[in-house]
Amino acid sequence: MTSAEETKQDDPAGSGPGGYAEARLRLLQEESRSGPSRRSALSGLTDQWLNAQFARAARETGVRGAALVAVGGYGRADLSPRSDLDLLLLHDGKARPAELSALADRLWYPVWDLGLALDHSVRTPAEARKTAAEDLKAHLGLLDARLVSGDAGLLAGLRTSVLADWRNQAARRLPQLHTLCRERAERAGELRFLLEPDLKEARGGLRDVTVLRAVAASWLADAPREGLAEARRRLLDARDALHLVTGRATDRLSLQEQPQVAARLGLLDADALLREVYEAARVVAYAGDVTWREVGRVLRARAARPRLRGLLGTRGATAPERAPLAEGVVESDGEAVLALAARPDRDPVLPLRFGAAAAQAGLPVSLHAVRRLAAQARPLPVPWPAEAREQLLTLLGAGEPTVGVWEALEAEGLITRLLPDWERVRCRPQHNPVHTWTVDRHLIETAVRASALTRRVGRPDLLLMAALLHDIGKGWPGDHSVVGETIARDMAVRVGFDAEDTAVLGTLVRHHLLLVDTATRRDLDDPATVTAVARAVGSTGTLEILHALTEADALATGPAAWSTWRGSLVADLVRRVAAVLSGAPPADPEPDLPTAEQERLALEALRTGEPVLTLHAREEEDEAVGVELVVAVPDQPGVLPAVSGVLALHRLTVRAADLRFLELPDHLGEVLVLRWRVAAEYGALPQAARLRTDLVRALDGTLDVPAKLAGREAAYPRRRGVVPPPPRVTVVPDVSPLATVLEVRAPDAVGLLHRIGRALESAGVRVRSAHVSTLGANAVDTVYVVDPDGKPLPPTAAAAIAAQVEQALT
């Protein structure tokens, strides 16, 4: 046999690494081959090549009694396009170290030459077993060990020992493994709630699937199998597509790659991709919760068994006690289970009663019980009977335990069976980074927050139901508040609310953003603002519920959505609206009288011809809600952009601003007084003297504010691939009879209000007040402007100025 023929026989994929690389590339480019088929084929092709490499290397080095073993993902024959190769060179210890080193070099270097990542080790079975005993992760990898080439007996003996050790040490190893899983989840987050999830490390990802296999191998507990294999396949398919799109061994599904990954998987868009990934992660995470709970139960039972034998002698063990929780529901061994006499086929309210009883008792629900309910429970009549509605509200009002119970019912399809419209929001992503959760989880979190506020309202049932439904329209096209009102009314009728309560729920859903948007973006001293809110809300009872819903919604959104400052603004608006709804006439604008401090500052500014200012903290209920900055400047052009620019340079975030011209007595002159509510981005507040110095320089032109701000922005470039939508400036009609209202929506950036001020200054209009609202990376700034005579702008002029400001921000 010639040398070439011998090589071809040893290396069916081609001659050496080059032949394997070509065959590998052809396989990855086959459009018809994807998913499990491609992963299996890629693993087989790699086995074939490495088998040939091993045979040749063993023959050249003369090493016998060795085996090449695949571990980890490669051991499971689940190679993704850019997966690393986890290889163990197992040997019987009889070869000389130099021979083993030569054998290893002939195996590892061809892999490195191809640019493939390699995790490798050389050990005897005893050494591998010892390493596994000391390193939990190494032990997990060996559970999936698979022979690639060489002495099968070596691996068979090692696998038997490793599995025996794993099962014998399960009582010690599994708690350690559970701790590792919790620590990893804290670092990587929950996959189904992340906009850029790590498909492997995040909770509910591929690493957790591997962990569940390891738990099953211990024979201590087994994961729920329904849907788990499909969830694993979806996550692996997404990772395969990600590897092919990026050309890198990455597990993070970044925003910029999501459209391409979705297209490669044949999905409609990035949202469809995320929803599919979230669905898979939900299945994995739920299986993990059930499995770890079962592990804990078994370990507790094992620990208690010797003591129980000593107490009972020869009488034997007793069955767990079953304490009643509700009709048809009992507690057994730390779980809510169905009573022996429960008949789901005759009791359509039982699923809700079961969930409510479990949540109120703070207990997890039995997987077997939930599956029995899903299989046997009769559908509820429509509209629901009163008991069903009451049990739903009891479940929603249970606080934190509601989350786990709701998700367990949802995992088995009971929630969508009870509330069909829930399907549209289930696992639906929210691309605004302010949101911590997917739509469905946000709704439940809002109910949890609302449950703590039920003592503040006369109708806690309507508060809890509105919390559950306020974003239900996000599963449909259009304004989710408008669409959601219709859906909420339909669902309220289905659940059994009467016509009056249904109307209130519709109003709450339609206007669930009204209070916070108005309080942070409108001038509350303008009577038209308060009147418009009162007209939309309609009654003090509805206002009371809407106030609590606003707070619950914001708290459940994320840390950026609520603060003491926002809460104080909303509370101020609610007080004003409540007065109007109680019959008081809309308050006239208060006389624009200056305070003593403002008069003092104005006189000082007029005397010196330069700006003067004061800076002091404002507190409410013993908590700082911001800092009030008052600036007095002799009337001159460019004051607003100068002040806002200096504040930006000193890293002060503007929350609100109003401007007024103060006519001093005795015809001393006119001074511009600006009141600002600001907060430090981080660190301590700047000194007032430094602010004043920079403001003087900005006004006289010796401080180039635009250049300084441009340098600051250039120093912190936006993340590659995250392209925000362009700024948009609109005229908001029918808001105020006193001024024209411009709403600026733009990416939050250094000096945004400064640029807005410059654009308005160049347009020749005066700013009466400004209200700044920032959520995450987006800002919504509302500016009340008037013409030089202090009057609102004509519609055509207002539209032209809005376009001019938008152009300046683009």
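Scroll up a little and you will see the structure.
Residues numbered from 1 in each chain as written. Predicted model: local features only at pLDDT ≥ 70, side-chain atom pairs only at ≥ 80, totals over all residues. Heavy atoms only, no water.

(A) How the structure looks around helix α20 (residues 460-469). Among the 10 residues that make up α20, eight are buried, leaving the element largely enclosed by the rest of the structure. Of all the residues in α20, the buried ones are L462, L463, L464, M465, A466, A467, L468 and L469. In this structure, the buried side of α20 is in contact with α16 (386-396), α17 (401-411), α19 (439-451), α21 (480-495), α22 (499-510) and α25 (540-557). (Buried < 20%, exposed > 50% of the residue type's maximum accessible area, 1.4 Å probe, protein only. Helix = DSSP H or I, 4+ residues; strand = E, 2+ residues; numbered from the N terminus. Contact = heavy atoms within 4.5 Å.)

(B) Molecular detail of the side chain of T402. Structurally, the position occupied by T402 is in helix α17. Contact partners of T402, with chain neighbours within four places excluded, come to A359, L395, L396, I444 and V448.

(C) Summary view of the sheet that holds strand β3 (residues 118-123). Ordered in space as β3-β2-β1-β4, the four strands form an open sheet in which the pairing is mixed. The sheet is open, and its two borders are formed by β3 and β4 (146-150), each paired with just one other strand. Averaged over all neighbouring strand pairs, the angle between strand axes comes to 25°, with direction disregarded. Strand direction decides the pairing type here: strand β1 (residues 66-70) and β4, joined by four bridges, are antiparallel. Looking across to β4, one finds that A67 is bridged to G150. Along the sheet, helix α3 (residues 35-61) makes contact with β1, β2 (85-91) and β4, crossing β4 at roughly 35°. (Pairing = 2+ DSSP bridges. Axes fitted to C-alpha atoms, helices over the stretch in contact; angles between N-to-C directions.)

(D) The pairing of strand β7 (residues 335-338), seen in detail. Residues E335 and V337 of β7 are buried on one face, and the alternating residues A336 and L338, pointing to the opposite face, are buried as well. Direction of pairing for strand β6 (residues 329-332) relative to β7: antiparallel, over a ladder of four bridges. Counted as the bridge partner of V329 is L338 from β7. Hairpin connection of β6 to β7: two residues between the antiparallel strands, including D333 at a positive phi of 55°.

(E) Highlighting the packing of aromatic side chains. For the structure on display, the rule yields four aromatic pairs. Pairing Y20 with W49 gives two aromatic rings, centres 4.4 Å apart and planes at 5°, and the pair type is stacked. One end of the pair, Y20, is in helix α2 (residues 16-29); the other, W49, is in helix α3, with 29 residues separating them in the sequence. For W49, a relative accessible area of 0% puts it in the buried group. Both rings, one in F193 and one in W437, keep their centres 4.9 Å apart while their planes meet at 90°; by these two values the pair is edge-to-face. Taken as a pair, F193 in the loop between α9 (170-188) and α10 (206-217) and W437 in the loop between α18 (414-418) and α19 lie far apart in primary sequence, 244 residues in all. Relative accessible area serves as the criterion here: at 11%, F193 is assigned to the buried category. One Lys or Arg, R167, reaches over the ring of W219 and ends 3.7 Å from the middle of that ring. (Phe/Tyr/Trp six-rings, centres within 6.5 Å; stacked < 30°, edge-to-face > 60°. Lys NZ or Arg CZ within 6 Å of the ring centre and 35° of its normal.)

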